[in-house]
Amino acid sequence: MLTSDEGIETRLSEPEIADIVRVYLLDEFLLGVGSVTDDASLLESGTVDSTGIVELATYLEVRFGIELDDDDMTAANLDSVGRIARFVARKQAAAGTGDRAVG
């Protein structure tokens, strides 16, 4: 996380990203009821629908300081918490960005 006094960028680990994404999914899509495992398909489980994927993508861009292209909007990247965590970690590493620490 960027700190104003140090200016040092630190990337989150995949488990940390997964935890943040899991909380977001629970709060925004499951309204705090239920659970989301790392490997469960978000679409097949009904946690999110196609509109929800767009909302999730927007959240990931803002929260983690990454930019998603149309080619990124695939099940291989966004269909489970584990896949999302790996995808975000790769995007951050490629872009040289760190955690933006936004809500």
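Notes on the structure in this doc start here. (Residues numbered from 1 in each chain as written. Predicted model: local features only at pLDDT ≥ 70, side-chain atom pairs only at ≥ 80, totals over all residues. Heavy atoms only, no water.)

Points about the overall build of the chain
- When its secondary structure is counted, the chain shows 4 helices and 0 strands.
- The secondary structure elements of the chain, listed N-terminal to C-terminal, are α-α-α-α.
- Long-range contacts, defined as pairs at least 24 residues apart, comprise 58% of the intrachain contacts of the chain with a sequence gap of at least 6.
- Surface accessibility of the chain: about 5900 Å² in total, with carbon and sulfur atoms responsible for 50%. (Helix = DSSP H or I, 4+ residues; strand = E, 2+ residues; numbered from the N terminus. Contact = heavy atoms within 4.5 Å. Areas by Shrake-Rupley, 256 points an atom, 1.4 Å probe, with all protein chains shown as cover.)

As for the packing of helix α1 (residues 14–28) against helix α4 (residues 81–95)
- The N-to-C vectors of α1 and α4 enclose an angle of 125°; their axes lie 8 Å apart at closest approach. Relative to α4, α1 is oriented oblique. Relative to α4, α1 is oriented so that their crossing is right-handed. Here α1 contributes E14, I17, A18, V21, R22 and L25 to the contact with α4, which in turn contributes V81, I84, A85, R86, V88, A89 and Q92. (Axes fitted to C-alpha atoms, helices over the stretch in contact; angles between N-to-C directions. Parallel < 35°, antiparallel > 145°, perpendicular 65-115°, else oblique. Left-handed = near helix turned anticlockwise from the far one by under 90°.)

A short note on the environment of A95
- Relative to the elements of secondary structure, A95 occurs in helix α4.
- With relative accessibility at 52%, the residue A95 sits in the exposed group.
- In this structure, the C-alpha to C-alpha distance between A95 and E67, residues 28 residues apart in sequence, is 8.8 Å. (Buried < 20%, exposed > 50% of the residue type's maximum accessible area, 1.4 Å probe, protein only.)

Details of the environment of D39
- Structurally, D39 can be placed in the loop between α1 and α2 (50–64).
- The class for D39 is exposed, based on a relative accessible area of 69%.
- Taking the C-alpha atoms as reference points, D39 and G82, 43 residues apart in sequence, are found 5.9 Å from one another.

Observations regarding the nonpolar core
- V21, L25, L56, L60, F64, I84 and V88 are the most contacted members of the largest nonpolar core, which totals 25 residues.
- Taken together, the elements giving at least two residues each to this core come down to α1, α2 and α4.
- Other than its neighbours up to four places away in sequence, I84 contacts V21, L42, L56, L60, N77 and L78. (Core = buried A, V, L, I, M, F, W, Y, C linked by side-chain atoms within 4.5 Å.)

Re the pattern of salt bridges
- For the coordinates displayed, the defined rule picks out 3 salt bridges.
- The closest approach of N and O atoms between D19 and R22, which form a salt bridge, is 2.8 Å. In this pair, D19 and R22 both sit in helix α1, 3 residues apart, roughly one turn of the helix.
- For D19, a relative accessible area of 44% puts it in the partly exposed group. (Salt bridge = Lys/Arg side-chain N within 4 Å of Asp/Glu carboxyl O.)

Thoughts on the environment of Y59
- The topology assignment puts Y59 in helix α2.
- Overall, Y59 belongs to the buried group, its relative accessible area being 15%.
- Measuring from C-alpha to C-alpha, the distance between Y59 and V21 comes to 9.2 Å, with 38 residues separating the pair along the chain.

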